[in-house]
Amino acid sequence: MAAMSGVQEFRWPVRVYYEDTDSGGVVYHANYVKFMERGRTEWVRSLGIDQSELRRDLGVLFVVRALALQYRRPASIDDALEVVTEVEKMGHSLIKFKQKIVRGDELLVQATVEVVCVEAEKFRPAQLPAVLRNLIKPTELE
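Presented here is an overview of the structure given in this document. (Residues numbered from 1 in each chain as written. Predicted model: local features only at pLDDT ≥ 70, side-chain atom pairs only at ≥ 80, totals over all residues. Heavy atoms only, no water.)

## Notes on the nonpolar core
At step 1: Judged by nonpolar contacts, the single largest core of 30 residues is most densely connected at F35, W43, I95 and I101.
At step 2: Elements supplying a minimum of two residues to this core: β2 (10–15), α1 (29–46), β4 (80–90), β5 (94–103) and β6 (106–119).
At step 3: In terms of residue count, β6 provides more of this core than any other element does, six residues in total.
At step 4: The contact partners of W43, leaving out residues within four places of it in the chain, are F10, V87, I95, F97, L132 and I136. (Core = buried A, V, L, I, M, F, W, Y, C linked by side-chain atoms within 4.5 Å. Buried < 20%, exposed > 50% of the residue type's maximum accessible area, 1.4 Å probe, protein only. Helix = DSSP H or I, 4+ residues; strand = E, 2+ residues; numbered from the N terminus. Contact = heavy atoms within 4.5 Å.)

## Some words on the environment of T21
At step 1: With respect to the helices and strands, the residue T21 is situated in the loop between β2 and α1.
At step 2: For T21, a relative accessible area of 14% corresponds to the buried category.
At step 3: C-alpha separation for the pair T21 and G39, spaced 18 residues apart in sequence, amounts to 19 Å.
At step 4: Excluding its chain neighbours within four sequence positions, the residues that come into contact with T21 are V16, V26, V27, Y28 and I77.

## Considerations on the packing of aromatic side chains
At step 1: Evaluation of the coordinates by the stated rule reveals four aromatic pairs.
At step 2: Taken together, a centroid distance of 6.4 Å and an interplanar angle of 15° make the contact between F10 and W12 stacked.
At step 3: Judged by relative accessible area, F10 falls into the buried class, the value being 15%.
At step 4: Among the residues examined, W12 registers a relative accessible area of 30% and is labelled partly exposed.
At step 5: Aromatic pair W43 and F97: ring centres 5.2 Å apart, planes at 85°, arrangement edge-to-face. You can see W43 sitting in helix α1 and its partner F97 sitting in strand β5, a full 54 residues away along the chain. (Phe/Tyr/Trp six-rings, centres within 6.5 Å; stacked < 30°, edge-to-face > 60°.)

## Focus on the pattern of salt bridges
Where charged atoms from two side chains of opposite charge approach closely, those side chains can pair.
At step 1: All chains considered together, the criterion is met by 12 salt bridges.
At step 2: Of the charged contacts in the structure, one is a salt bridge between R11 and E9, with a shortest N-O distance of 2.8 Å.
At step 3: R11 sits in the partly exposed class, given a relative accessible area of 36%.
At step 4: Residue E88 is joined to K98 by a salt bridge in which the shortest nitrogen-to-oxygen separation is 3.8 Å. Separated by 10 residues along the polypeptide, E88 in strand β4 and K98 in strand β5 bring together distant segments of the chain.
At step 5: On the accessibility criterion, E88 (21% relative accessible area) is partly exposed.
At step 6: K98 sits in the partly exposed class, given a relative accessible area of 43%.
At step 7: The structure contains a network of salt bridges with shared partners spanning R73, D79, R103 and E106. (Salt bridge = Lys/Arg side-chain N within 4 Å of Asp/Glu carboxyl O.)

The structure is reproduced here in structure tokens:
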């Protein structure tokens, strides 16, 4: 798997709404996962890649294979957060992301997320599309 050096972090803003909170007024734990999903989706979009076109034209889609979260601090209603996404490693069919959710300089949640490219019809691993591989240049091998 190739290690990714010098890859820029991608930041996506998220505002906490009432619907994101639990009865205690803090963000419900599962909603952080949704915020991170949005961050990865917007990262792909920022590269000029349309995931619907990947499925339609190349017959591939992305699925989460593994997710490890560490909660540090709670977020509350109306907080302005940022989801920070970085590619840590890339293989033939796998992208490993480091993600975190911050409020200003304060770390709230950090995660490692492994996403696998699969055939849309059979859900078997598939090689990452060249259009994506060409945009993410591995600079060293693990």
